[in-house]
Amino acid sequence: MPAVQAPSARRLSRADFNRPTLLVARDLLGKYLVRRERGHTRAAMIVEVEAYKGPADRAAHTHGGRRTPRVEPLYRDGGTAYVYLCYGIHWLLNFSTVGEGKPECVLIRGIAIGDDDDADFLLGPGRITRHLGIDRHLDGADVTVSDRLWVEDRGVRIAPRAVRRGPRVGVDYAGPHWAGKPWRYQLIAPRR
DNA sequence: TCTAGGATCGGCT
DNA sequence: GCCGATCCTAGAT
């Protein structure tokens with residue numbers, strides 16, 4: 001694993017995040033989440049995400065235009081990290097999308113760890129943050145410039161047939177209309 | 001100030 | 001399949 005950034009890698013920029021949320025979500029599959037901590041760098045390919053579409057979406061933290069100190073990062077420009085504690089135990093990582101003042105985001109739910117040829121899927125938003133050492137200290141970070149957390153395009157291209165769409169997890173409280181939206185994107189797991 | 005509940009996970013039956 | 005852990009946030013009082 002390269003110490004800083006693979007020569008063929010391109011860090012995702014503001015323009016990559018300032019796009020419609022469903023497109024950003026789909027395109028994050030196959031990108032690499034890079035975490036740099038105490039001079040040590042780890043990277044893992046993103047294999048599962050969910051989209052949350054702002055004020056209209058009853059499953060989103062910003063539904064109805066809710067704006068509290070906790071969700072403030074979601075109102076910032078695309079590429080801002082929103083990290084919050086869920087169930088008192090798990091840190092969940094999101095990236096804001098669309099643009100400043102538009103509180104939509106993508107939740108990172110799964111990554112692939114290990115060698116490219118022999119990778120295991122680490123699934124579950126609380127598990128990946130624990131694995132990468134992501135917590136409240138990264139809340140509000142701008143991942144287009146941060147030296148602690150960013151996303152790289154390493155040239156992996158995902159075929160449409162390799163993507164499964166389905167309803168989001170754990171949002172039944174939003175009612176059938178919103179809970180039923182197929183805004184969860186998964187790479188189909190490799191056969192082992 | 002008080003209280004309810006949550007974008008989860010792992011262990012147990 | 002069920003349940004408890006654990007604590008912060010948001011809304012009510």
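To be clear, the structure that these remarks concern was listed above.
Draft legend 1. How the structure looks around the overall build of chain A. Each helix and strand counted, chain A has 4 helices and 10 strands in total. The secondary structure elements of chain A, listed N-terminal to C-terminal, are β-α-α-β-β-β-β-β-β-α-β-β-α-β. Computed over the C-alpha atoms, the radius of gyration of chain A is 16 Å, within 12% of the 16 Å expected from 2.2 N^0.38 for a compact globule of 192 residues. Once the C-alpha set of chain A is aligned to its principal axes, its extents read approximately 45 × 35 × 35 Å. Taken over 192 residues, chain A has a buried fraction of 51%. Contacts spanning at least 24 positions in sequence make up 61% of the contacts within chain A whose residues lie at least 6 apart. By element, 51% of the accessible surface of chain A is carried by carbon and sulfur atoms, the whole surface being about 9,700 Å². Charge centroids of chain A, computed over 32 positive and 22 negative side chains, lie 4 Å from each other.

Draft legend 2. Structural context of the protein's contact with DNA strand B. Around DNA strand B sit 22 residues, and of these His61, Asn94, Gly124, Gly126 and Tyr173 come closest. When the atoms of DNA strand B within 4 Å of the protein are sorted by group, sugar and phosphate make up 53%. Take Gly88: an N or O atom from its main chain is 3.5 Å from a base nitrogen of DNA strand B. For the surface near DNA strand B, the elements supplying multiple residues, two or more each, are β4 (81-86), β5 (90-99), β6 (102-115) and α3 (125-132). With 4 residues, α3 is the single largest residue contributor to the surface near DNA strand B. Of the residues that constitute the surface near DNA strand B, the class distribution is 12 nonpolar, 7 polar and 3 charged.

Draft legend 3. The protein's contact with DNA strand C, seen in detail. Around DNA strand C, the neighbouring residues are Arg66, Thr68, Arg70, Leu85, Tyr87, Gly88 and Ile89. Backbone atoms, meaning sugar and phosphate, make up 74% of the atoms of DNA strand C lying within 4 Å of the protein. One of the side-chain N or O atoms of Arg70 is found 3.3 Å from a sugar or linking oxygen in DNA strand C. Gly88 is positioned with one of its backbone polar atoms (N or O) 3.5 Å from a sugar or linking oxygen of DNA strand C. Grouping the constituent residues of the surface near DNA strand C by class yields 3 nonpolar, 2 polar and 2 charged.

Draft legend 4. Just unusual backbone geometry, in detail. Phi is positive for Tyr87, close to 55 degrees, though the residue is something other than glycine. Among the structural elements, Tyr87 can be located in the loop between β4 and β5. The exposure class of Tyr87 is exposed, given its relative accessible area of 71%. In this model, Val98 sits at a positive phi of 70 degrees, which is unusual for a non-glycine residue.

Criteria and cut-off values
Residues numbered from 1 in each chain as written. Chains lettered and ligands numbered in written order. Predicted model: local features only at pLDDT ≥ 70, side-chain atom pairs only at ≥ 80, totals over all residues. Heavy atoms only, no water. Helix = DSSP H or I, 4+ residues; strand = E, 2+ residues; numbered from the N terminus. Rg over C-alpha atoms; globule rule 2.2 N^0.38 Å. Buried < 20%, exposed > 50% of the residue type's maximum accessible area, 1.4 Å probe, protein only. Contact = heavy atoms within 4.5 Å. Areas by Shrake-Rupley, 256 points an atom, 1.4 Å probe, with all protein chains shown as cover. Lys, Arg positive; Asp, Glu negative; His and termini not counted. Charge placed at Lys NZ, Arg CZ, Asp CG, Glu CD. Near = heavy atom within 4 Å. Polar contact = N/O pair within 3.5 Å; in protein donor to acceptor, adjacent residues only side chain to side chain. Nonpolar A, V, L, I, M, F, W, Y, C, P; charged D, E, K, R; others polar.

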